[in-house]
Amino acid sequence: MTQYAEVRQVLFPWAPVVLGCGMLAYFLPAGEPSLAVLRLVWSCAAFGLLWGLFAPWSLRPLGWALALAAGGYGLAAWRTADVAAPVLPFRYYGPIEGRIVEIDSSYAGAMRLTLADVRLEDVAPDRRPARVRVSLHGPLPEVPPRPGQVVMTTGHLSPPNAPVEPGGFDFRRHAWFEGLGAVGYTRVPVVLWAEPAQLSFAERVYETRLKLSKAIRDRIAGQPGAFASAIITGDRAAIDRAHVEDLRGSNLAHLLAISGLHMGLLTGTVFLGLRSLMALWPWLALRVPVKKVAAVCALGAAVVYLFISGMSVATERAFIMVAMILVGVCFDRRALSLRSVAWAALLVLALRPEAVLGPGFQMSFAATTALVITYAHLRDVRWWRGIPKWAKGTASLLLSSAVAGAATAPIAAAHFNIVAHYGLIANLASVPVMGTLVMPGALVALAGVPLGLEGVGLFAMEVGIRWILWVAGTVAGLEGAVGHVVRPMPVVLPLIVLGALVVGLLPWRARWAGLAPVVLALGLWTQSDRPELLISDTGGLLGVMTEQGRALSKGRGDGFAARNWLENDGDGVAQDVAAARAGIEAGKGAVSVALGPYRVIQLRGKTGAAQFLEACAAADLVVANTRLPRSTGACESIDAWDLRRTGALAVSVTEDGLQVVRAKSAEEQRMWTGAARATTPGRLARAPGAEPTR
């Protein structure tokens, strides 16, 4: 191997890292790049490409790095513009008509319909969202909804929600790439307007998925049937919340998401099964490359599974990785190597640049990369080669679970604020059953449908799933099974990922330098601060930090905001428990909170609004969930109309007074957030990214 080839082999796994950094450089700033900036970026990408092709070989990596970083930035900008669709700029109540393209359920269990070809009363066609999602809080339709049906109802719609706190998860960006221009609900019946005249291919596939999901639940009763439906068709609507929480608390929630594990188990079963069957026929095995034939058949099975499982982002990512491995087998390349993982990551990012921000992409490739590096290292370790064959399977299972868990744990903790302390035990008890009973049973059931022999596979699935659900409930119910961590500051996770990549990808002598950013990140994580006071975007919920944790102003209502605040605090209590904490003084139509020398009063409804002048005289800041009179100058006030513009607020005490930071920053001018709103003057201290009240 030439010196250039050795350098290329070491540096190529860094290609998706550099591409992803370029994409992050586009997504993270507060403003959209100008046309001049985009021209410069694409010029840099072209220059870097030429440099990488024609410069002296020792300088070519710099050119490729420039091309990848600039190309990543440009691809993210192109993708954002390519999916552009109108977003409803105001709150709407009235008739809603559209064609059903998706049916699912909300976190609370309500049926949701995603509608395309939307029509809204008195809304011009160029302002209508391409898609809206409506939750059915009233009576369910008399006729079960089907893809392609045109339905009508009367309901509320609003733009996708801003973060529940400044710096939190931005649903507006997620909805932008999903094509959702409005979300809402209806309390009146949904009326069937027209049956589908002719279903598109995608609608036919989706209808087949729904029928298959119902057939599975009809044959496997209860929650095992709901679990089986989820892992085959991606339909999680029938799984109750208690079982979902058990799966999360035992670190088994990944078994529900159709990802690399499911795709790998399915294609692995097809590959090994077909190869073994063909090898039993000597005449065929001597004349046909059975390994390659099995790989092609496994790839076909992966394509079918991709379609019937819903083609979610996670499933597409898993399919690409499996396809890379199987294509490598067909061309006599190593089935799984860092190069194949890097190619898969490059392809995923090129198709969906927004995936770089998601925990699914990060955890999937973190686990895969860690496993490939670990087993590549073990090939040269004498004690590993000396393990007897009968024990190596068990040892591999233990090691794989430990390595994958360690690689994904910090990412999961940073995104979801929980740590499953006994997750390794639960995975060791469940993943083998998933691989030996559940997924092979699913394959047998699907293959046996034409012959009416699906019962054998479904029975095997039910037995395995009942075991998995029992393990999840048992482990999650252990004392101390779930730990909660505070939401880290934004720089923490990138530092951890950078350090891990240095440890895993650089040559042996240099890799220990990666420990420095990891240690720094963990130190910064312990210093992460939470806002002293949070105010929901409705003005109906306050949360103040106390010695016992965050105290909430009410035990019900604004549950999504309350749950996210407590999770980000690293606090696992329920909303009603947080509402019982001391720190908030409740009165008729008002609650009062002390922040150091300052006082914040929340007014509720008409009763509270009538107390405005009295509250204004006693408080430094007044917040209301209704319309308030204009401030008299005695205090600062924020009412429901202000909160529509600012979104959720975080309030803290500084030397200059109360500082208010809003979720909808005035400096944000991204395509998914809409135009920036004008700021209003005030006497509250303003810091960078903070917005004073009136």
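Residues numbered from 1 in each chain as written. Predicted model: local features only at pLDDT ≥ 70, side-chain atom pairs only at ≥ 80, totals over all residues. Heavy atoms only, no water.

Considerations on the side chain of Asn 568
Consideration 1: Mapped onto the elements, Asn 568 comes out in helix α22 (residues 559-568).
Consideration 2: Leave out the neighbours within four places in its chain, and Asn 568 touches Glu 165, Asn 417, Val 485, Val 486, Arg 487 and Arg 530. (Helix = DSSP H or I, 4+ residues; strand = E, 2+ residues; numbered from the N terminus. Contact = heavy atoms within 4.5 Å.)

Structural notes on the nonpolar core
Consideration 1: Ranked by internal contacts, the top residues of the largest apolar core, which has 50 residues, are Phe 227, Ile 231, Leu 252, Met 434 and Met 461.
Consideration 2: Secondary-structure elements contributing two or more residues to this core are α7 (222-233), α9 (260-279), α11 (290-308), α12 (313-330), α17 (423-448) and α18 (454-476).
Consideration 3: The element contributing the most residues to this core is α11, with nine residues.
Consideration 4: Among all residues touching Met 461, those that are not within four sequence positions of it are Ala 228, Ile 231, Ile 232, Leu 437, Val 438, Gly 441 and Ala 442.
Consideration 5: Formed by 31 residues, the second largest nonpolar core is a distinct cluster that contains Ala 345, Val 348, Phe 361 and Phe 365. (Core = buried A, V, L, I, M, F, W, Y, C linked by side-chain atoms within 4.5 Å. Buried < 20%, exposed > 50% of the residue type's maximum accessible area, 1.4 Å probe, protein only.)

Observations regarding the sheet that holds strand β10 (residues 542-546)
Consideration 1: Spatial ordering of the open sheet is given by β11-β10-β9-β17-β18, a layout of five strands whose pairing is antiparallel. Of all the strands in the sheet, just β11 (549-552) and β18 (657-662) have a single pairing partner and so form its edges. The sheet shows a mean angle of 25° between the axes of neighbouring strands, taken without regard to direction.
Consideration 2: Where strand β17 (residues 649-654) and β18 come together, six bridges link them in antiparallel fashion. (Pairing = 2+ DSSP bridges. Axes fitted to C-alpha atoms, helices over the stretch in contact; angles between N-to-C directions.)

Some thoughts on unusual backbone geometry
Consideration 1: You will see that Asp 117, though not glycine, has its phi angle at about 50°, which is positive.
Consideration 2: Note on placement: Asp 117 falls in strand β2 (residues 111-120).
Consideration 3: We classify Asp 117 as exposed; its relative accessible area is 52%.
Consideration 4: Although it is not a glycine, Asp 122 adopts a positive phi angle of roughly 60°.
Consideration 5: Structurally, the position occupied by Asp 122 is in the loop between β2 and β3 (131-136).

Regarding the pattern of salt bridges
When the charged atoms of two side chains with opposite charge come close together, those side chains can pair.
Consideration 1: In the structure shown here, the tally under the stated rule is 22 salt bridges.
Consideration 2: Between Asp 104 and Arg 112 there is a salt bridge whose closest N-O contact spans 2.8 Å. Comparing Asp 104 with Arg 112, the two get one shared label, buried.
Consideration 3: For Arg 550, the salt bridge identified is with Asp 569, shortest N-O distance 2.6 Å. Highlighted residues: Arg 550 in strand β11 and Asp 569 in the loop between α22 and α23 (575-579), separated in sequence by 19 residues. (Salt bridge = Lys/Arg side-chain N within 4 Å of Asp/Glu carboxyl O.)

As for the sheet that holds strand β12 (residues 584-587)
Consideration 1: Here we have five strands laid out as an open sheet, ordered β12-β13-β14-β15-β16, and mixed in their pairing. For this open sheet the edge positions go to β12 and β16 (636-638), each flanked by a neighbour on one side alone. Neighbouring strand axes in the sheet, compared pairwise and without regard to direction, differ in orientation by 20° on average.
Consideration 2: Both strand β14 (residues 598-603) and strand β15 (residues 621-624) contribute to a ladder of four bridges, which runs parallel. By the bridge assignment, Val 600 is partnered in β15 with Leu 621.

Section: helix α16 (residues 389-416)
Helical periodicity: at 3.6 residues per turn, an α-helix aligns residues three or four positions apart in one direction.
Consideration 1: Compared with an ideal rise of 1.5 Å per residue, which puts 28 residues at 40 Å, α16 spans 39 Å between its outermost C-alpha atoms and is within 8% of the ideal.
Consideration 2: Buried within α16 we find Ala 391, Ser 396, Ser 401, Val 403, Ala 404, Ala 407, Thr 408, Ile 411, Ala 412, Ala 413 and Ala 414.
Consideration 3: Just downstream of α16 lies Asn 417, where phi reads positive at about 65°. (Expected span 1.5 Å × (residues − 1).)

Some remarks on the confidence of the model for the protein chain
Consideration 1: Predicted confidence across the protein chain gives a mean pLDDT of 86, with 95% of residues reaching 70 or more.
Consideration 2: Predicted confidence for residues 675-694 stays below pLDDT 50, and this span has 61 contacts to residues more than four positions away or in other chains. (pLDDT = per-residue confidence, 0-100.)

Quick word on the packing of aromatic side chains
Consideration 1: Counted according to the given criterion, the structure contains eleven aromatic pairs.
Consideration 2: Ring geometry for Phe 12 versus Trp 343: centroids 5.1 Å apart, planes at 45°, classification tilted. Here Trp 343 lies in helix α13 (residues 338-351) and Phe 12 lies in the loop between α1 (3-11) and α2 (15-27), a separation of 331 residues in the sequence.
Consideration 3: Judged by its relative accessible area of 15%, Phe 12 is buried.
Consideration 4: Residue Trp 343 is classed as partly exposed on the basis of its relative accessible area of 42%.
Consideration 5: Here the aromatic rings of Phe 201 and Phe 307 are separated by 5.9 Å at their centres, their planes lie at 80°, and the arrangement is edge-to-face. (Phe/Tyr/Trp six-rings, centres within 6.5 Å; stacked < 30°, edge-to-face > 60°.)

With respect to the environment of Gly 555
Consideration 1: Of note, Gly 555 is situated in the loop between β11 and α22.
Consideration 2: You can call Gly 555 partly exposed: its relative accessible area is 30%.
Consideration 3: Once the C-alpha coordinates of Gly 555 and Ala 257 are considered, the two residues, 298 residues apart in sequence, prove to be 32 Å apart.
Consideration 4: Setting aside residues up to four positions removed in sequence, Gly 555 forms contacts with Gln 575, Asp 576 and Ala 579.

Comments concerning the packing of helix α19 (residues 492-505) against helix α21 (residues 515-526)
Packed helices, taken two at a time, are described by their axes: the angle between them and the distance between them.
Consideration 1: Running from N to C, α19 and α21 cross one another at 160°; their axes reach a closest spacing of 7 Å. Our classification of the angle between α19 and α21 gives roughly antiparallel. As for the relative orientation of α19 and α21, their crossing is left-handed in sense. On α21, the residues touching Val 492, Leu 495, Ile 496, Gly 499, Ala 500 and Val 503 of α19 are Leu 515, Pro 517, Val 518, Leu 520, Ala 521, Leu 522, Leu 524 and Trp 525.
Consideration 2: Partitioned by chemical class, the residues of the contact of α19 with α21 number 13 nonpolar, one polar and no charged. (Parallel < 35°, antiparallel > 145°, perpendicular 65-115°, else oblique. Left-handed = near helix turned anticlockwise from the far one by under 90°. Nonpolar A, V, L, I, M, F, W, Y, C, P; charged D, E, K, R; others polar.)

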